[in-house]
Amino acid sequence: MVEPLLQVENVAKSFGALAAVDDVSFTLERGRILGVAGPNGAGKSSLLRGLAGFLSFAEGRVALDGGARDASLQEQMHYLGHADALKSALTAAENLSFWAGMLGGGAALVGPALARLGLPHVADFPVRALSAGQKRRVALARLLVAPRPLWLLDEPTTALDVGAQAVFAEVMRAHLAEGGIVIAATHAPLGLEGAKSLRLEGARVGAAA
């Protein structure tokens, strides 16, 4: 079996005269994690959203070599942004069941996913009754109800206390040990050994196209 290799070559994205992502390249092998750092406005979120297909790069190439032949790149990735993407009136389990169905996962994975994130006791609670940290952990549990090799995470530990951060670090370690790939934009250390790093220095103003 060919091991998945994510290749990002010279990707760029501008908004008018502002170069939000400027000629970024890197490769990630199976079982590796990349931490994307930089000041606010450096283009971290734009890079992840471009990789996820939510915005189009003006230049460059993105490919996952060795992945599923009949699936698009987007069908082989999870994207978790700043928003938790949860329906407040639904329970934690109902939210995850919805996402499992949407993403091609399985309802049987919902209970174990909540348990992995330390939330088996809130399965039947409406999301509106949960704390900010609990909501974030429910959102993170979405990564586990539909297994996919590539995780794109934008500030994944927002609202998590120290204990919950440690729990999620273990979740990431398990994903990497199974051959997954993680790209995480974050201001805080990921707490994982062997992480590669990419620092973006900030958007650049140039001539308008």
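Because the structure is predicted, anything quoted here is derived from the model rather than measured. (Residues numbered from 1 in each chain as written. Predicted model: local features only at pLDDT ≥ 70, side-chain atom pairs only at ≥ 80, totals over all residues. Heavy atoms only, no water.)

**A look at the overall build of the chain**
Item 1. Scanning the chain from N- to C-terminus turns up five helices and nine strands.
Item 2. Mapped in sequence order, the helices and strands of the chain form the string β-β-β-α-β-β-α-α-α-β-α-β-β-β.
Item 3. Since a compact globule built from 209 residues should have a radius of gyration of about 17 Å, the 17 Å found for the chain is in line with a globular shape.
Item 4. A principal-axis box enclosing the C-alpha atoms of the chain has dimensions of 55 × 40 × 30 Å. (Helix = DSSP H or I, 4+ residues; strand = E, 2+ residues; numbered from the N terminus. Rg over C-alpha atoms; globule rule 2.2 N^0.38 Å.)

**Topic: the pairing of strand 2 (residues 18–29)**
Item 1. Direction of pairing for strand 1 (residues 5–15) relative to strand 2: antiparallel, over a ladder of eight bridges. In the sheet register, Phe-15 faces strand 2, and the bridge partner there is Leu-18.
Item 2. What sits between strand 1 and strand 2 in their antiparallel hairpin is a turn of two residues, with Gly-16 showing a positive phi close to 65 degrees. (Pairing = 2+ DSSP bridges.)

**As for the pattern of salt bridges**
Item 1. Counting across every chain of the model gives five salt bridges.
Item 2. Put simply, Glu-9 and Arg-61 hold a salt bridge, and the shortest N to O gap is 3.3 Å. In this pair, Glu-9 is assigned in strand 1 and Arg-61 in strand 4 (residues 59–65), connecting sequence segments 52 residues apart.
Item 3. Assessed through its relative accessible area of 37%, Arg-61 is described here as partly exposed.
Item 4. Among the charged side chains, a network of salt bridges with common partners joins Glu-170, Arg-173 and Glu-193. (Salt bridge = Lys/Arg side-chain N within 4 Å of Asp/Glu carboxyl O. Buried < 20%, exposed > 50% of the residue type's maximum accessible area, 1.4 Å probe, protein only.)

**Looking at helix 4 (residues 132–145)**
Item 1. For helix 4, spanning 14 residues, the distance from its first C-alpha to its last is 21 Å, which sits close to the expected 20 Å at 1.5 Å a residue.
Item 2. Here helix 4 lies mainly inside the structure; 12 of its 14 residues are buried.
Item 3. Every buried residue of helix 4 is accounted for by Gly-133, Gln-134, Arg-136, Arg-137, Val-138, Ala-139, Leu-140, Ala-141, Arg-142, Leu-143, Leu-144 and Val-145.
Item 4. The inward-facing, buried residues of helix 4 contact strand 5 (77–80), helix 2 (92–102), helix 3 (110–116), strand 6 (150–154) and helix 5 (162–177). (Expected span 1.5 Å × (residues − 1). Contact = heavy atoms within 4.5 Å.)

**Remarks on the sheet that holds strand 5**
Item 1. Spatial strand order, 5-6-7-3-8: five strands in an open sheet with parallel pairing. Unpaired on one side and paired on the other, strand 5 and strand 8 (196–199) mark the two borders of the sheet. Averaged over all neighbouring strand pairs, the angle between strand axes comes to 15 degrees, with direction disregarded.
Item 2. Bridge count for strand 6 against strand 7 (residues 181–185) is five bridges, and the pairing is parallel. Each residue of the ladder has a partner; that of Trp-151, found in strand 7, is Val-182.
Item 3. Contacts from helix 1 (residues 44–52) reach strand 3 (33–37), strand 5, strand 6, strand 7 and strand 8 within the one sheet, and its direction differs from that of strand 6 by about 150 degrees. (Axes fitted to C-alpha atoms, helices over the stretch in contact; angles between N-to-C directions.)

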